[in-house]
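# Residue-level structural notes
Next come the chains, spelled out residue by residue.
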Amino acid sequence: MNCVRKLLLARELSAGRGILRQAAPGRDLPWLQESSCAQGFWPVPVRSIRSGAALSRSDLVPSARGDKEKDRGSRDGALVPFDELFERACKEDRNKASFSRAVELFCQRDIRRRGHIEFINAALRKMPEFGVERELDVYNKILDVFPKEVFVPRNFIQRMFNYYPRQQECGIHVLEQMENYGIMPNKQTKFLLLQIFGEKSHPVRKYQRLMYWFPKFKHANPYPVPAALPQDPVDLARFSLQRIAADLSAKVTVYQMPLTDILDDGKEITQPHIVGIQSPDQQELLACHNPARPVFVEGPFPLWLKKTCVYYYVLRGEPLPPEEKEEVIDSERNFYYPMQLDLDLDRDLWDNEEFYVDEVEEGPIFAMCMAGAGDQATLAKWILGLQQTNPILSQTPVVFHLTPGPRELQVDLDSESGEEEIPQSWHAKQEL
Amino acid sequence: MALSFKLLDSIFLSSRCHRQNALHPLLGPLLTDCIPKLYSSYRRPGTSPDNTPPWKMNFSFEKGVDGIKKHFGILKKELVDHWKGPEGYPLEEYLLEQTRVVWEFRSQKDLDEWVVSSDVEIGGKSEAYLKLGKNNQTALLYGTLNTEAPRDGETEYSGYCAMRAKLPKGAFEKKKYYDWSNFNSLYLRIRGDGRPWMINIYTNPYFSHQKDDLYNYFIFTRGGPYWQEIKIPFSKFFLSSRGRIQDDQHPLWLDKISTVGFTLGDKADGPFQLEIDFIGLLNDRAHTEEFAYEKYERNPKV
């Protein structure tokens, strides 16, 4: 019985090897297909190295092919043999259903799942296109393509010599893609891996590592960003402003809602959203600000929330010049010492936890905002709104230091948007 | 006697540790061109190795004299420091200190102690630059991240930017290490743009197969105009080698620290910036954890 099984295995192996060679041109270059712009592009010389093997496959395994070969159609010219399978499966649109249809199509085609490594590699590449790169059950489905119990080593020699290395590598690739997208495997993944590769195989080890490290760092981020950011720009602005304000008492104000309206004369007007934030501390700082000195609107500064970048603007003052700073009267010049009592009784000589560095001097920050448009008119509306809660702002000159926003940046690098009063130091400040 | 011992020691150590720079300790001050090679031993696939014979390298007598002056200056300082106390601090100060500022960024000289690199080394397209921030007070690390992998047939992923402190060197290019065993936390004052960074600590590789080992942890930046003070206990650092987290973890050896670095690789294409005020050490006595990860063998061998 065992003997027969081994014979079958051997035959299967030889057939499988034929397929491996045949698909070799596509297989070796997954990195090329992975890069987004390289779809459908292929330099000729590299490919011609392998074409010899591809041609000789027909005489190597004549019997292993058969009628299945015919339905693959014009695949000799195809670089990646299984891409067309996905193309055929998604007649209407690319989604999870059509992706799993393609996987099922492959599984039904051949009971021995010939060429499954190439198929899995192609599937992994295609996942972002179908938008299923974060679906755990799709990954499980892909692992399900592997034939079961064939690659499980059955004696110590097989276990010693890296049994079916290509298949194991392929399994690791699947897990690595899960890792890169931050998908935590589940019980079913483990069950599948055990069934396919057996315990203590490399993919199972990889699984164990994922299961050890992922939960450890799951909550390491003290400033978490939700997986799906709010779609509404006002909600997004509110979320990001609360994040950067670093103050729970800060109050978010929506100064203007986004609006698109068509006037009677057919003219279209759009109102960008303006959302601002100000904490009581900032309000207090602004109230203490000397109205003779200007305040500055600066921006846009980038803020990254995972892979999206939003921009915010800051209202700030200059750092105080040395003559305006309040002088601290030390004990030796003060008759009424101590002015304030600051006793740290539980502190000792070695309890000093201060760092001896020069303070970084920066102007105070009075408010922050995010707007749908970065032009000066929009930001002036924000300042107008701020004046209601901070009356001192109506007496203070406001200078706009705006660097060209992200959109203007692509068109013309030299165009600098509005500046009311031109400060000398403006060119030194480069916003990146 | 002490001098000759130091010389011998430095020659022995350096030639043992730098394969490709075996000539360095002797000709070190005379060679002017081979410094960049120190920082990366990576050779891109498809490029031929650099086989410039030593007699074709740039020799400059003037620089040699400068180098000898410099090295004897360092040697003198080392000897004097050794007389004063551990690491040049008086003993009572050394015993009582709870904080220490290791790197601060206040001038161009401070920036010169750092090396900036990006995936351009492996053929990628990211860019990273380091300059002084506003009012010349802080270091601003900025650039763009690009995750497009190079088309060389081997590289699968790309997209990182990194900054690393230069290796501490004693007189005559002798390797030196920081001894941070008085402290248990790393303290950073930074301002980022919301991207997560990774902080890497490189320690003395005792065996050559450990030369790619790094101890890492994450820095999560909040973004926004406010500074952020981050305290990372050394017990949280985990061991990785060549970017892969390792199975058998063990705590950092705090008396053999070589350098500290920052890496960005969050797979988000676009501009980034990180402002660093200073990097310090702190002895946080409320923190008693020795190591945050299991030290027993989790994946027993077959």
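First things first, this report covers the structure right here in the doc. Along each chain, residues carry numbers from 1 onward, in the same order as the chain's sequence is written. The order in which chains are written sets their letters, starting at A; the order in which ligands are written sets their numbers, starting at 1. Thresholds applied to this predicted model are a pLDDT of at least 70 for local features of residues and 80 or more for the giving and counting of side-chain atom pairs; totals over whole chains, interfaces and linings are not thresholded and use all residues. Note: side-chain values were computed over all heavy atoms of the structure, leaving out hydrogens and water.

### Here's the deal with the overall build of chain A
Here a strand is any run of E in DSSP of at least two residues, a helix any run of H or I of at least four, and the numbering for each starts at the N terminus. The number of helices and strands found in chain A is 18 helices and eight strands. The rule is simple: take the accessible area with a 1.4 Å probe, protein chains only, and divide by the maximum for that residue type; under 20% is buried, over 50% is exposed, in between is partly exposed. For chain A, the residues scored as buried account for 41% of the 432 residues in total. Residue contacts are counted whenever heavy atoms from the two residues lie within 4.5 Å of one another. Long-range contacts, defined here as pairs at least 24 residues apart, represent 67% of the contacts in chain A between residues at least 6 apart. For every accessible area listed, the method is Shrake-Rupley and the probe measures 1.4 Å; residues are considered covered only by the protein chains on display. Carbon and sulfur atoms make up 54% of the accessible area of chain A, which amounts to about 25,100 Å² in all.

### What to know about the overall build of chain B
Along chain B, the regular secondary structure elements total five helices and 13 strands. When each of the 302 residues of chain B is scored for burial, the buried share is 47%. Counting contacts in chain B only where the partners sit at least 6 residues apart, residues at least 24 apart contribute 75% of the total.

### A word on unusual backbone geometry
Glycine aside, residues mostly have negative phi, and peptide bonds are mostly found in the trans state. P300 of chain A follows G299 of chain A through a cis peptide bond whose omega is -5°. Along the chain, P300 of chain A turns up in strand β5 (residues 295-305). With a phi close to 55°, A246 of chain A is a non-glycine residue in the positive phi region. One can find A246 of chain A in the loop between α15 (233-245) and β1 (251-256). A positive phi angle, close to 60°, is found at E173 of chain B, a residue other than glycine. With respect to the helices and strands, E173 of chain B occurs in the loop between β5 (161-165) and β6 (185-191).

### Remarks on the nonpolar core
Put simply, buried Ala, Val, Leu, Ile, Met, Phe, Trp, Tyr and Cys residues joined by side-chain atoms within 4.5 Å make one nonpolar core. If you look at the biggest cluster of nonpolar residues, it comprises 48 residues, and the most contacted ones within it are W180, I199 and F262 of chain B. Those residues in contact with W180 of chain B that sit more than four places away from it in its chain are R100, V102, W103, L186, F234, L254, D255, I257, V260 and L281 of chain B. The next biggest cluster of nonpolar side chains, apart from the first, holds 41 residues, and it includes F86, I196, V204 and Y207 of chain A.

### A look at the sheet that holds strand β10 (residues 238-241) of chain B
Residue and element names in this part refer to chain B. Across the sheet, which stays open at both edges, the seven strands sit in the order β2-β5-β12-β7-β8-β10-β11 with antiparallel pairing between neighbours. For this open sheet the edge positions go to β2 (114-118) and β11 (244-245), each flanked by a neighbour on one side alone. Strand pairing is assigned whenever DSSP identifies at least 2 bridges connecting the two strands. Of the pairings in the sheet, the one linking strand β7 (residues 196-203) to strand β8 (residues 213-220) comprises six bridges and is antiparallel in character. Considered in β8, the bridge of M198 is made with F218.

### Quick look at a nonpolar patch on the surface
All names here are of chain A. A surface patch of nonpolar side chains, amounting to about 490 Å² of accessible area, comprises F156, I157, M160 and F161. With respect to the helices and strands, the residue F161 is situated in the loop between α11 (156-160) and α12 (165-181). According to the relative accessible area criterion, F161 is exposed, its value standing at 59%. In this analysis, a patch consists of residues with relative accessible area above 30% that form no salt bridge, clustered at 9 Å for like charges and at 5 Å for the nonpolar side chains Val, Leu, Ile, Met, Phe, Trp and Tyr. Criterion for a salt bridge: a side-chain nitrogen of Lys or Arg within 4 Å of a carboxyl oxygen of Asp or Glu.

### Structural notes on the interface of chain B and chain A
Taken residue by residue, the interface counts 67 residues in chain B and 56 residues in chain A. Note: buried area is the sum, over both parts, of the accessible area (probe 1.4 Å) each one loses when the two are combined. When the two sides are added together, the surface that chain B and chain A hide from each other amounts to roughly 5,200 Å², 56% of it contributed by carbon and sulfur. Inspection of the chain B/chain A interface yields five salt bridges. Here D247 of chain B makes a salt bridge to R209 of chain A, at a shortest N to O gap of 2.8 Å. Polar contacts, as counted here, are pairs of nitrogen or oxygen atoms within 3.5 Å of one another; within protein the pair requires one atom able to donate a hydrogen and one able to accept it, and residues that are adjacent in sequence qualify only if both atoms are side-chain atoms. Run the count over chain B and chain A and you get 19 residue pairs in polar contact (both at pLDDT 80 or more). Of all the elements in the fold, those that place two or more residues in the side of chain B that touches chain A are β1 (99-104), β4 (139-145), β6, β8, β11 and β13 (270-282) of chain B. Top contributing element to the side of chain B that touches chain A by residue count: β13 of chain B, with eight residues.

### Regarding the sheet that holds β1 of chain A
Residue and element names in this part refer to chain A. Overall, mixed pairing links the six strands, which are arranged β1-β4-β7-β6-β5-β8 in an open sheet. At either margin of the open sheet sits one strand with a lone partner, and together these are β1 and β8 (398-402). Strand-to-strand twist across the sheet, computed as the mean angle between neighbouring axes with direction ignored, equals 30°. Taken together, the nine bridges between β5 and strand β6 (residues 308-317) define a ladder with antiparallel strand orientation. For F296, the partnering residue across the bridge sits in β6 and is R316. Contacts between α15 and the sheet are confined to β1, β4 (274-278), β5, β6 and β7 (365-371), with β5 contributing the most and set at about 100° to the helix. Angles run from 0 to 180 degrees between N-to-C directions of axes, and those axes are lines fitted to C-alpha atoms, restricted for helices to the stretch in contact.

### Focus on the state of the cysteines
A covalent bond bridging the sulfur atoms of two cysteines is what the word disulfide describes. By convention in this document, the label disulfide applies to cysteine sulfur atom pairs within 2.5 Å. Summed over all chains, the structure comprises zero disulfides over all chains. In this structure C170 of chain A is a free cysteine whose sulfur lies 13 Å from that of C107 of chain A, the closest cysteine sulfur available.

### Section: the environment of A122 of chain A
All names here are of chain A. Relative to the helices and strands, A122 resides in helix α9 (residues 116-130). For A122, a relative accessible area of 0% translates into the label buried. A sequence separation of 122 residues divides A122 from I244, and the C-alpha atoms of the two residues are 41 Å apart.

### Comments concerning the pairing of β6 of chain A
Residue and element names in this part refer to chain A. Of all 10 residues making up β6, seven are buried, and the element is well covered by its neighbours. Adjacent in sequence and paired antiparallel, β5 and β6 are bridged by two residues, among which K306 carries a positive phi angle near 50°. Pairing of β6 with β7, which is carried by four bridges, proceeds in the antiparallel orientation. Note on β7: the bridge partner recorded for V314 is M368.

### Looking at the side chain of S98 of chain A
Residues and elements named next belong to chain A. Assignment of secondary structure puts S98 in helix α8 (residues 96-109). Among the residues examined, S98 registers a relative accessible area of 1% and is labelled buried. Residue contacts for S98: discarding those within four places in its chain leaves A89, C90, D93 and F130.

### A short note on the pairing of β8 of chain B
Within a regular beta strand, the side chains point alternately toward one face of the sheet and then the other, so they alternate between its two faces. Residues and elements named next belong to chain B. Counting buried residues along β8, seven of its eight residues qualify, which places the element largely inside the surrounding structure. Pairing of β8 with β10, which is carried by four bridges, proceeds in the antiparallel orientation. Within β10, the residue paired with L214 across the bridge is S240.

### Here we look at the packing of aromatic side chains
Residue and element names in this part refer to chain A. Two aromatic rings from Phe, Tyr or Trp, using only the six-membered ring of Trp, form a pair when their centres are within 6.5 Å; if the ring planes differ by under 30 degrees the pair is stacked, by over 60 it is edge-to-face, and anything between is tilted. Throughout the structure, instances matching the rule amount to 40 aromatic pairs over all chains. Taking 4.8 Å as the distance between ring centres and 90° as the angle between the ring planes, the aromatic pair formed by Y212 and W213 counts as edge-to-face. Residue Y212 shares its accessibility class with W213, and that shared class is buried. R94 extends its terminal NZ or CZ atom over the ring of F130, reaching a point 5.2 Å from the ring centre. Lysine and arginine charges are scored as sitting over a ring when NZ or CZ, respectively, is within 6 Å of the ring centre and within 35 degrees of the ring normal.

So far we have only geometry, and geometry alone does not tell us how the molecule works.
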